[in-house]
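Breakdown of the fold
Letter by letter, the chains look like this.
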Amino acid sequence: MVPVSDFEAVRPQLTAMAFRMLGCLQDAEDAVQSTWIKASVTVGERPRNPAAWLTTVLTRVCLDQLRTRSRRPEEPLFADLPPAEVFAADERYLQRESVSRALMVVLDRLTPAQRVAYVLHDLFGMTFAEVADVLGTSPASAKKHASRARGRLQSPASAAPAAPAVVDAFLTAAGGGDLNRMIALMADGCVRVVDPALVPPRTPTVVTGARAIAEETGLFAARIRAGTWVLTDGCPTYVLAPGGHLLAVVDITLDDERVVRINIRRAPPNAAFALAAPGDG
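Thresholds applied
- Residues numbered from 1 in each chain as written.
- Predicted model: local features only at pLDDT ≥ 70, side-chain atom pairs only at ≥ 80, totals over all residues.
- Heavy atoms only, no water.
- Pairing = 2+ DSSP bridges.
- Helix = DSSP H or I, 4+ residues; strand = E, 2+ residues; numbered from the N terminus.
- Axes fitted to C-alpha atoms, helices over the stretch in contact; angles between N-to-C directions.
- Contact = heavy atoms within 4.5 Å.
- Buried < 20%, exposed > 50% of the residue type's maximum accessible area, 1.4 Å probe, protein only.
- Domains from an automatic or database assignment.
- Buried area = accessible area lost by both parts, 1.4 Å probe.
- Salt bridge = Lys/Arg side-chain N within 4 Å of Asp/Glu carboxyl O.
- Polar contact = N/O pair within 3.5 Å; in protein donor to acceptor, adjacent residues only side chain to side chain.
- Left-handed = near helix turned anticlockwise from the far one by under 90°.
- Phe/Tyr/Trp six-rings, centres within 6.5 Å; stacked < 30°, edge-to-face > 60°.
- Lys NZ or Arg CZ within 6 Å of the ring centre and 35° of its normal.

With that out of the way, let us pick up the sheet that holds strand E1 (residues 186–194). Two pairing modes exist for strands in a sheet, parallel and antiparallel, and in both the strands are linked by backbone hydrogen bonds. Sheet architecture is open: 7 strands sit in the order E2-E1-E6-E5-E4-E3-E7, paired in mixed fashion. Strand pairing shows two members of the sheet lacking a second neighbour, strand E2 (206–208) and strand E7 (273–275), which therefore form its edges. Ignoring strand direction, the axes of neighbouring strands in this sheet form an average angle of 30°. Note: strand E5 (residues 248–255) against strand E6 (residues 258–265), 7 bridges, orientation antiparallel. By the bridge assignment for E6, Thr-253 is matched with Arg-261. Packed on one face of the sheet, helix H9 (residues 165–176) meets E1, strand E3 (227–232), strand E4 (235–240), E5 and E6 and runs near 125° to E5. The strands that helix H11 (residues 210–217) touches are E1, E2 and E6; relative to E1, the one it contacts most, it runs at about 50°.

Let us look at the environment of Leu-219. Assignment of secondary structure puts Leu-219 in the loop between H11 and helix H12 (221–225). For Leu-219, a relative accessible area of 69% translates into the label exposed. The spatial distance from the C-alpha of Leu-219 to the C-alpha of Leu-14 is 37 Å, given a sequence separation of 205 residues.

Next up on the list: the domain arrangement of the protein chain. Domain assignment breaks the protein chain into domain 1 (4–153) and domain 2 (165–275). With 23 residues of domain 1 at the contact, the number on the domain 2 side is 24 residues. Carbon and sulfur atoms make up 63% of the area that domain 1 and domain 2 hide from each other, which totals about 1,900 Å². In this structure, the connection of domain 1 to domain 2 is made through 0 salt bridges. On the surface where domain 1 and domain 2 come into contact, there are 6 residue pairs in polar contact (both at pLDDT 80 or more).

Between side chains of opposite charge, a pair can form when the charged atoms approach closely. Under the definition given, this model contains 10 salt bridges. Of the charged contacts in the structure, one is a salt bridge between Arg-60 and Asp-133, with a shortest N-O distance of 3.8 Å. Linking Arg-60 in helix H3 (residues 50–70) with Asp-133 in helix H7 (residues 128–135), this pair joins segments that are 73 residues apart in sequence. Taking the relative accessible area as the measure of exposure, Asp-133 reaches 46% and is therefore partly exposed.

Within a regular strand, the side chains alternate between the two sheet faces. Bridging between E3 and E4 involves 6 bridges; their strand directions are antiparallel. Within E4, the residue paired with Thr-228 across the bridge is Val-239. In textbook terms, the turn of a hairpin is the stretch between consecutive antiparallel strands, and for E3 and E4 this stretch comprises 2 residues, one of which, Asp-233, has a positive phi near 55°. Note that E4 and E5 share 3 bridges and pair antiparallel. When the bridges of E5 are listed, Tyr-238 appears paired with Val-250.

Take the packing of helix H6 (residues 112–123) against H7 next. Orientation of H6 relative to H7, taken along the N-to-C sense of each, is 145°, at an axis distance of 10 Å. In the packing of H6 onto H7, the handedness of the crossing is right-handed. The segment H6 lies against H7, with Ala-113, Val-116, Ala-117, Leu-120 and His-121 engaging Phe-128, Val-131, Val-134 and Leu-135.

Applying the stated criterion across every chain yields a total of 3 aromatic pairs. With a centroid separation of 4.7 Å and an interplanar angle of 50°, the aromatic rings of Phe-19 and Tyr-93 are classed as tilted. Of this pair, Phe-19 sits in helix H1 (residues 4–22) while Tyr-93 sits in helix H4 (residues 84–97), and the two are 74 residues apart along the sequence. Classification of Phe-19 by relative accessible area gives buried; the value is 0%. On the basis of relative accessible area, Tyr-93 is assigned to the buried category, the value being 3%. Relative to Tyr-238, the ring of Trp-229 lies with its centre 5.2 Å away and its plane at 70°, an arrangement referred to as edge-to-face. You can call Trp-229 partly exposed: its relative accessible area is 22%. The ring of Phe-87 carries the charged tip of Arg-223 above its face, separated from the ring centre by 5.8 Å.

Laid out in structure tokens, this is it:
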């Protein structure tokens, strides 16, 4: 049995690991609580290394959740997305712990084994022998899972062009609610089109005119600030991902260095995203 003092000493680390594996603070905290329940009812001597033992139990709990998710339909209904309070809690955790929003978006596209292997080895420094024990496989296989995850997460520098400066400036202005700057960066006849599932009822799906778009965009500044750049087929793509949950893709079309069209759409379920820059920063 693991003493409660040993468990509390590693709880923050367990939560950090579970969050990166599951992508949701509520799910992570539930997984940590399940780990404690298992630890508190286990009969026998105190583990020689309580932190390692708890990490193994936690990871297997997370792995079961990830495998259950992977058996669900590939394109969930919009109503199946986490509620606003979950987005808010996850967003606070991202900011407090300095977790990369882009990393969370891309991790969600990995297989359960790839995600676990990458998180444990690349982010938390566990050996492949330890990862293999959790996954119930060989160290060589664990290493292969992590390598495949790395390959899907990270693109070569040559395949990562910078986003157009005008687009970056527009998104910065939109996130900051800078009405005049947004208008200056748009063509007078700019058009904004949005998937109706992504906005509150009665929100117009098509808005025309720079000023009208800028005024309406101000209502969603917080959502825009919860965005990040990822790569799609080597091209910079801005995604809205509050709390690290992929919500929408923002496509911005330019003509003569002015924004002429903004298209906000749901991300295709099988879109291959990669980090614009490697790391968890």
